[in-house]
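Working through the structure, step by step
Here is what each chain is made of, one letter per residue.
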Amino acid sequence: MARKKKRKSSSKKKKKATTKTRRKKAPEAPPAQTAESQQQAEEPSESATLGAAEDGGPGDGPAIDLDADLDSEPDGVDLDAVDAVERLIAETLATPGVAEAEPERPADPVRDLDAEVLAKAEVPVGDQAAAEAAVRAKIDLGPVSSPEVRDRLLAQALAHAEHKDARYRVPFSEVKAAARWKISVATLLFLIAGLVVLVPPQWARPAPPAQLGQAERALGLRSALLLQAQQVEAFRVRTARLPTTLDEVMVTLPGIRYVRSGSRAYQLILYEADGNAIVYDSANPAAAFQSLVTGWVFREAQP
Amino acid sequence: MSRIWEILRAATLADALVVLAVLVLVTAILSPRLSARAFQERVANAIADVDALGTAALVSRDLRGRWPASTPPGEAPAELSGIGGPGGIFSREGYRLGWESLEVVDSVVAPPEPGPPPAAGDAPRVPESPRMQPVTRMVGAISVHSGEAPLLAELLAHYGSEVSFVVDTLWLLVLPERTAPSATGR
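Keep in mind that what you see is a predicted model, and the values were worked out from it rather than measured. (Residues numbered from 1 in each chain as written. Chains lettered and ligands numbered in written order. Predicted model: local features only at pLDDT ≥ 70, side-chain atom pairs only at ≥ 80, totals over all residues. Heavy atoms only, no water.)

1. So, the overall build of chain B
The test is simple: A run of DSSP states H or I qualifies as a helix once it reaches four residues; a run of E qualifies as a strand once it reaches two. Both are numbered from the N-terminal end. Residue exposure (1.4 Å probe, protein chains only): buried if accessible area is under 20% of the type maximum, exposed if over 50%, otherwise partly exposed. Between two residues, a contact is recorded if the distance between any of their heavy atoms is within 4.5 Å. Residue-level accessible areas treat just the shown protein chains as cover; the underlying method is Shrake-Rupley with a 1.4 Å probe.
From N to C terminus, chain B includes three helices and five strands. Overall, chain B shows an N-to-C arrangement of helices and strands of α-α-β-β-β-α-β-β. For chain B, with 186 residues in total, the buried portion stands at 38%. Restricting to contacts in chain B with at least 6 residues of sequence separation, those with at least 24 account for 67%. Of the roughly 10,600 Å² of accessible surface on chain B, a fraction of 60% belongs to carbon and sulfur atoms.

Right, dumping it as structure tokens:
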């Protein structure tokens with residue numbers, strides 16, 4: 001545990017040092033970039049000069065002494081900018097950790113595109129001005145490089161950093177305590193929800209729907225048997241014989257079994273849910289069927 | 001919108017758990033009532049469909065002098081094609097309606113057979129007991145097919161067990177001769 005704490009504190013210190021370094025460097029970045037850009041702007045002229053010297057250059061050009069050119073101060077060179085570049089290089093060399101701590105620069109699409117477009121442009125070497133104009137026409141650098149956009153992006157970045165710093169400044173113990181009681185509340189709510197599902201209280205329970213009782217089921221089976229018997233009797237009245245199967249009658253109710261016991265009698269059988277059979281015997285119908293006959297749909301025809 | 005986004009970004013896993021727990025609790029409290037309400041709506045729709053079919057069948061019988069022909073569940077008889085078809089009352093979510101024309105047998109008193117005229121001096125005939133004769137007649141019936149037993153039980157409770165019954169997944173209502181089906185309900 002002690003080692004872990006030490007590691008944590010050392011990592012925190014490192015983070016703080018890094019943040020401080022970034023904050024210190026942030027205001028200085030624009031001048032450095034300016035110096036770099038100026039240096040880059042100067043480099044082509046130097047390389048061009050060197051290239052011209054190595055190639056021999058145009059035949060009628062003046063001979064160039066490299067040592068003399070480097071030591072002397074040519075016209076048009078900004079001495080302040082050169083000093084700034086030299087100071088920046090010295091600072092960078094003096095602090096070796098800065099280069100490592102510097103975040104990896106993300107790919108610059110504009111710069112990459114610039115190189116790519118330049119490579120694809122294949123403009124003749126002599127027509128340098130035309131090539132630059134073509135590249136600038138293809139790449140719209142205006143909105144990206146405007147000061148307003150840069151200020152806005154910088155403000156957003158600073159706000160984001162402030163937001164993250166504010167979160168880091170909250171003590172971990174407070175965060176842990178808050179999370180603890182929140183998880184406790186969530187657990188309690190989950191338990192209550194489970195109880196409501198398993199044992200719903202009266203106020204959360206709607207009125208139960210109607211259920212079929214045992215007596216109603218039995219009455220339904222007897223009514224179905226009687227109605228099916230009426231279909232068989234109607235068939236017998238029409239054809240003067242019993243049907244061979246129930247398929248011959250007009251309507252067949254589900255689950256009824258038909259058994260002929262001779263040319264004049266038959267049985268209709270239905271099974272209850274518990275397996276008990278209810279039988280309608282045409283030769284001797286049970287009393288329960290007789291009460292249905294007098295009290296049900298046939299009553300209008302009764303004298 | 002940005003304010004909401006900031007709140008969401010600042011939320012932690014514990015906050016999300018609390019919100020989830022509240023949602024689960026609300027769902028656990030409300031879902032039985034919502035499902036019960038949906039069931040009651042289904043029952044009300046089924047009763048309305050049965051009444052509409054019974055009324056249409058009675059009107060058809062009065063116009064044509066016979067009941068519509070039987071059809072399989074979910075299909076409308078040709079005589080009642082106006083209330084069938086896609087989106088009609090015969091095929092609904094949770095149940096299907098059917099129409100049945102059933103035969104029942106009545107026993108009626110047969111007219112006396114004319115016998116030979118009594119001769120003079122014969123003893124008077126003993127009156128015979130009335131002879132019964134079976135005759136068939138048609139009755140209309142509405143069937144509701146559903147695997148939802150509580151729906152069938154609700155229909156049985158609404159229309160009564162004197163004119164309807166439940167067997168297996170079928171509820172059958174035998175239409176009375178001269179009254180609308182809803183008049184027989186409780």
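The discussion continues.
2. Remarks on the environment of Leu175 of chain B
Tracing the backbone shows Leu175 of chain B in the segment after β5 (170-174). Considered as a pair, Leu175 of chain B and Gly140 of chain B are 35 residues apart in the sequence and their alpha carbons are 5.5 Å apart.

3. Description of the packing of aromatic side chains
Residues and elements named next belong to chain B. Stated formally: Each pair of aromatic rings taken from Phe, Tyr and Trp, with Trp reduced to its six-membered ring, is defined by centres within 6.5 Å and is described as stacked if the planes are under 30 degrees apart, edge-to-face if over 60, and tilted in the remaining cases.
Under the defined criterion, the tally for this structure stands at four aromatic pairs over all chains. Judged by centre distance (5.6 Å) and plane angle (40°), the ring pair of Trp67 and Trp99 falls under tilted. Of this pair, Trp67 sits in the loop between α2 (13-64) and β1 (91-92) while Trp99 sits in strand β2 (residues 95-109), and the two are 32 residues apart along the sequence. By relative accessible area, which is 8% here, Trp67 ends up buried. The class of Trp99 is buried, set by a relative accessible area of 0%.

4. A few points about the side chain of Gln231 of chain A
Where we set the bar: Any N or O atom pair separated by 3.5 Å or less is treated as a polar contact, with the protein-specific requirement of one donor-capable and one acceptor-capable atom, and with residues adjacent in sequence counted only for side-chain atom pairs.
Mapped onto the elements, Gln231 of chain A comes out in helix α10 (residues 214-239). Taking the relative accessible area as the measure of exposure, Gln231 of chain A reaches 2% and is therefore buried. One polar contact links the side chain of Gln231 of chain A to the main-chain carbonyl oxygen of Glu103 of chain B, over a distance of 2.8 Å. Ignoring any residue separated from it by four or fewer positions in sequence, one finds Gln231 of chain A in contact with Val249 and Val251 of chain A together with Leu102 and Glu103 of chain B.

5. Topic: the interface of chain B and chain A
What counts here: By buried area we mean the combined loss of accessible area, with a 1.4 Å probe, across both parts when two parts are placed together.
In this assembly, 46 residues from chain B lie in contact with 44 residues from chain A. Carbon and sulfur atoms supply 71% of the area that chain B and chain A bury against each other, a total of about 4,000 Å² over both sides. At the junction of chain B and chain A, the tally comes to six residue pairs in polar contact (both at pLDDT 80 or more). Counting residues per element, the side of chain B that touches chain A draws most heavily on α2 of chain B, at 15 residues.

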